[in-house]
Amino acid sequence: MTIHRLSACSVKVQLSAEELRVFLPEDPKSPDTPQMLRMLSFLLAKAEAVSGIAFSEMPVTVELMTAQDGSLAAYFTIHEKISQAQNNRQRTIRIAARFTEPELLYECCELLQTERDSIRSSVLYRHKNQWILTVRLRHARAAAIRHILLEYGTPYRLSAINRARLSEYGECVAYQDAISQIADRKLRL
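Residues numbered from 1 in each chain as written. Predicted model: local features only at pLDDT ≥ 70, side-chain atom pairs only at ≥ 80, totals over all residues. Heavy atoms only, no water.

> If you had to explain the overall build of the chain to someone new, which residues and values would you point to?
When you go through the chain residue by residue, the secondary structure sums to seven helices and nine strands. Projected onto the principal axes, the alpha-carbon positions of the chain cover approximately 55 × 40 × 30 Å. Sequence-distant contacts, at least 24 apart, represent 67% of the contacts inside the chain between residues at least 6 apart. Placing the 25 positive and 21 negative side-chain charges of the chain at their respective mean positions leaves the two points 4 Å apart. (Helix = DSSP H or I, 4+ residues; strand = E, 2+ residues; numbered from the N terminus. Contact = heavy atoms within 4.5 Å. Lys, Arg positive; Asp, Glu negative; His and termini not counted. Charge placed at Lys NZ, Arg CZ, Asp CG, Glu CD.)

So this is what it looks like as structure tokens:
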């Protein structure tokens, strides 16, 4: 069993095929079987002990992914309290785009500089010979910024699993204010 902390609120637990057979000797037909629930409870406790994230005190989402070799990856992600999360959604949103050519990314960021008052943060990752720009912005100007991003790049879905993949397998090129750094050509792509 390997446990990797992916972020301040997310952990990946990897079980080999042999370890999975110890927990689930028979292939479960439903995720609600007692054996599956015991295994998830055990994995969650281990993830909390290793990572220091208080999973037992907050709502948690669990994503299970099996590989062809029979291994299992469990992603545990905590969530804010519902009322606080709803308020945040009303104020800000997150969008992302993927770029394969650096020149298009430079041009896009130069245009996005004109919208800098609406952009709260931006992060740039390099993953599989492409760049992924994630932007957190005010809801009011989201449509204009989305149009600019998609004019130069292609959409990138910011699901919990995609964010975990970026954190684990991608290289964070610019953690803060990526748009300004790219537009000012301070980053070499």
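> Any details on the pattern of salt bridges? Residues and values, ideally.
Under the definition given, this model contains five salt bridges. Residues glutamate 110 and arginine 185 are paired through a salt bridge, measuring 3.4 Å at the closest nitrogen-oxygen approach. Of this pair, glutamate 110 sits in helix α4 (residues 102-112) while arginine 185 sits in the segment after α7 (178-183), and the two are 75 residues apart along the sequence. Since its relative accessible area comes to 38%, glutamate 110 is described here as partly exposed. Taking the relative accessible area as the measure of exposure, arginine 185 reaches 42% and is therefore partly exposed. Between arginine 126 and glutamate 171 there is a salt bridge, and its shortest N-O distance comes to 3.4 Å. On the criterion of sequence distance, the pair formed by arginine 126 in strand β6 (residues 119-126) and glutamate 171 in strand β9 (residues 171-174) is long-range, its members being 45 residues apart. The partly exposed category is assigned to arginine 126, whose relative accessible area is 29%. (Salt bridge = Lys/Arg side-chain N within 4 Å of Asp/Glu carboxyl O. Buried < 20%, exposed > 50% of the residue type's maximum accessible area, 1.4 Å probe, protein only.)

> Provide a residue-level description of unusual backbone geometry, including the pertinent values.
For residues besides glycine, phi is generally negative; the peptide bonds are generally trans as well. For lysine 128, which is not a glycine, the phi torsion comes out positive at approximately 55°. Looking at where lysine 128 falls in the secondary structure, it is placed in the loop between β6 and β7 (131-138). Using a relative accessible area of 68% as the deciding quantity, one classes lysine 128 as exposed. Despite not being glycine, asparagine 129 has its phi angle at roughly 60°, a positive value. By the secondary structure assignment, asparagine 129 is in the loop between β6 and β7. Of the residues examined, asparagine 129 reaches a relative accessible area of 74% and is grouped as exposed.

> Could you give an account of the pairing of β7, with specific residues and numbers?
Among the eight residues of β7, six are classified as buried, and the element is accordingly described as predominantly covered. Summarising the sheet, strand β5 (residues 92-99) and β7 pair through eight bridges and their orientation is antiparallel. Paired with alanine 96 across the strands is threonine 134, a residue of β7. The sheet contact formed by β6 and β7 spans seven bridges and is antiparallel. Looking across to β7, one finds that leucine 124 is bridged to leucine 133. (Pairing = 2+ DSSP bridges.)

> I'd like to hear about the packing of aromatic side chains, residue by residue, with values.
One pass over the structure, following the stated rule, counts two aromatic pairs. A ring pair is formed by phenylalanine 55 and phenylalanine 76, whose centres lie 6.2 Å apart and whose planes are at 55°; its orientation type is tilted. Of this pair, phenylalanine 55 sits in the loop between α2 (34-51) and β3 (60-66) while phenylalanine 76 sits in strand β4 (residues 72-78); the two residues are 21 residues apart in sequence, bridging distant segments of the chain. Here phenylalanine 55 and phenylalanine 76 have matching classes, each one buried. Its end group placed over the ring of tyrosine 106, arginine 185 keeps NZ or CZ at 4.0 Å from the ring centre. (Phe/Tyr/Trp six-rings, centres within 6.5 Å; stacked < 30°, edge-to-face > 60°. Lys NZ or Arg CZ within 6 Å of the ring centre and 35° of its normal.)

> I'd love a proper account of the nonpolar core, names of residues and values included.
Among the nonpolar cores identified, the biggest contains 25 residues, and Leu112, Leu124, Leu133 and Leu149 are the most heavily contacted of them. Listing elements by their share of this core, those giving two or more residues are β5, α4, β6, β7, α5 (142-152) and α7. Once you skip the residues sitting within four places of it in the chain, leucine 112 turns out to touch Ile119, Leu133, Ile145, Ile148, Leu149 and Ile179. Core analysis: the second largest hydrophobic core is formed by 17 residues, Ile3, Val13, Leu15 and Leu20 among them. (Core = buried A, V, L, I, M, F, W, Y, C linked by side-chain atoms within 4.5 Å.)

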